[in-house]
Amino acid sequence: LIAQSAAPVRTTGGMLVMPHHTLADCPPLDLLLVPGGWGTRAEVDNRTLIDWIAARGAAIETLTSVCTGSFLLAQAGLLDGRRVTTHWRSLERMRDTYPQVRVVFDRHWVDDGRVVTSAGISAGIDMALRLVARFHGDAIARATARHMEYPYPASDERRI
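This structure is a prediction, so every number in the text was calculated from the model and none was measured.

**Thoughts on the overall build of the chain**
Logical step 1: The number of helices and strands found in the chain is six helices and 10 strands.
Logical step 2: For 160 residues, the compact-globule estimate of 2.2 N^0.38 gives 15 Å, and the C-alpha radius of gyration of the chain, at 15 Å, lies within 12% of that figure.
Logical step 3: Each principal axis of the C-alpha atoms in the chain carries an extent, and together these give about 40 × 35 × 30 Å.
Logical step 4: The 160 residues of the chain split such that 41% are buried.
Logical step 5: Expressed as a percentage of contacts within the chain between residues at least 6 apart in sequence, the contacts between residues at least 24 apart total 52%.
Logical step 6: Treating the 18 positive side-chain charges of the chain as one cloud and the 17 negative ones as another, the clouds have centres 3 Å apart.

If you want it as structure tokens, here you go:
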């Protein structure tokens with residue numbers, strides 16, 4: 001978990017999350033997952049965070065987001081020309097705010113090579129299982145889903 005400072009981060013529900021690293025001392029990463037939620041609306045204007053995401057995101061092997069975390073990636077210029085999705089309530093806002101992004105309305109998650117975006121929370125789980133399959137094989141991904149007592153995603157089709 002990476003945050004702008006080492007101070008606990010308070011979630012919308014009031015839970016405190018302790019970062020492992022700050023933006024300044026974050027080690028090299030192979031994969032960056034940017035979460036979404038209400039906080040992204042304010043953070044999209046946080047130049048320090050957006051610049052960090054832009055720099056890290058440009059150099060990273062796999063860049064992902066869940067829900068409205070995609071807005072932070074778009075603000076950082078990392079989604080230009082790419083196919084992406086986000087929470088169903090934010091699809092039109094993404095399309096209207098970032099016209100250079102190719103918004104996909106009918107997918108639960110979208111795999112555009114090194115950039116993978118997902119819709120809301122359950123879509124993020126589905127995306128994560130597909131990433132497990134990408135890096136460790138289908139058998140491991142299916143075993144992970146079974147261990148979680150979660151259905152392995154049959155497709156990327158949006159289900160609402």
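Text resumes after the structure shown.
**Quick look at the nonpolar core**
Logical step 1: Counting residues in each nonpolar core, the largest one holds 25 residues, and the members touching the most others are I53 and V101.
Logical step 2: At the level of elements, β5 (31-34), α2 (47-59), α3 (69-75) and α4 (91-97) are the ones that each hand at least two residues to this core.

**A few points about the sheet that holds β5**
Logical step 1: Reading across from one edge, β5-β6-β10-β9 is the order of the four strands in this open sheet, with mixed pairing throughout. Strand pairing shows two members of the sheet lacking a second neighbour, β5 and β9 (109-112), which therefore form its edges. Sheet twist, expressed as the mean angle between neighbouring strand axes with direction ignored, is 10 degrees.
Logical step 2: Where β5 meets strand β6 (residues 62-66), four bridges bridge the pair, whose relative direction is parallel. Within β6, the position partnered with V34 by the bridge is S65.
Logical step 3: Across the sheet, helix α5 (residues 121-136) is in contact with β5, β6, β9 and β10 (115-118); its angle to β6 comes to roughly 160 degrees.

**Quick notes on α2**
Logical step 1: Spanning 13 residues, α2 covers 18 Å between terminal C-alpha atoms, matching the ideal 18 Å at 1.5 Å per step.
Logical step 2: Taken together, the buried positions of α2 are L49, I50, W52, I53 and G57. Buried residues of α2 fall within an arc of 160 degrees about the axis and therefore sit on the same side. Of the exposed residues in α2, the ones pointing more than 90 degrees away from its buried face are A55, A58 and A59.
Logical step 3: If you follow the buried residues of α2, they end up packed against β1 (2-3), β5, α1 (40-43), β6 and α3.
Logical step 4: Two or three places before T48, at the opening of α2, N46 has a side-chain oxygen 3.2 Å from that residue's backbone nitrogen.

So, how was this worked out
- Residues numbered from 1 in each chain as written.
- Predicted model: local features only at pLDDT ≥ 70, side-chain atom pairs only at ≥ 80, totals over all residues.
- Heavy atoms only, no water.
- Helix = DSSP H or I, 4+ residues; strand = E, 2+ residues; numbered from the N terminus.
- Rg over C-alpha atoms; globule rule 2.2 N^0.38 Å.
- Buried < 20%, exposed > 50% of the residue type's maximum accessible area, 1.4 Å probe, protein only.
- Contact = heavy atoms within 4.5 Å.
- Lys, Arg positive; Asp, Glu negative; His and termini not counted.
- Charge placed at Lys NZ, Arg CZ, Asp CG, Glu CD.
- Core = buried A, V, L, I, M, F, W, Y, C linked by side-chain atoms within 4.5 Å.
- Pairing = 2+ DSSP bridges.
- Axes fitted to C-alpha atoms, helices over the stretch in contact; angles between N-to-C directions.
- Expected span 1.5 Å × (residues − 1).
- Arc of directions from axis to C-beta.
- Polar contact = N/O pair within 3.5 Å; in protein donor to acceptor, adjacent residues only side chain to side chain.

That is the geometry; function is a separate question.
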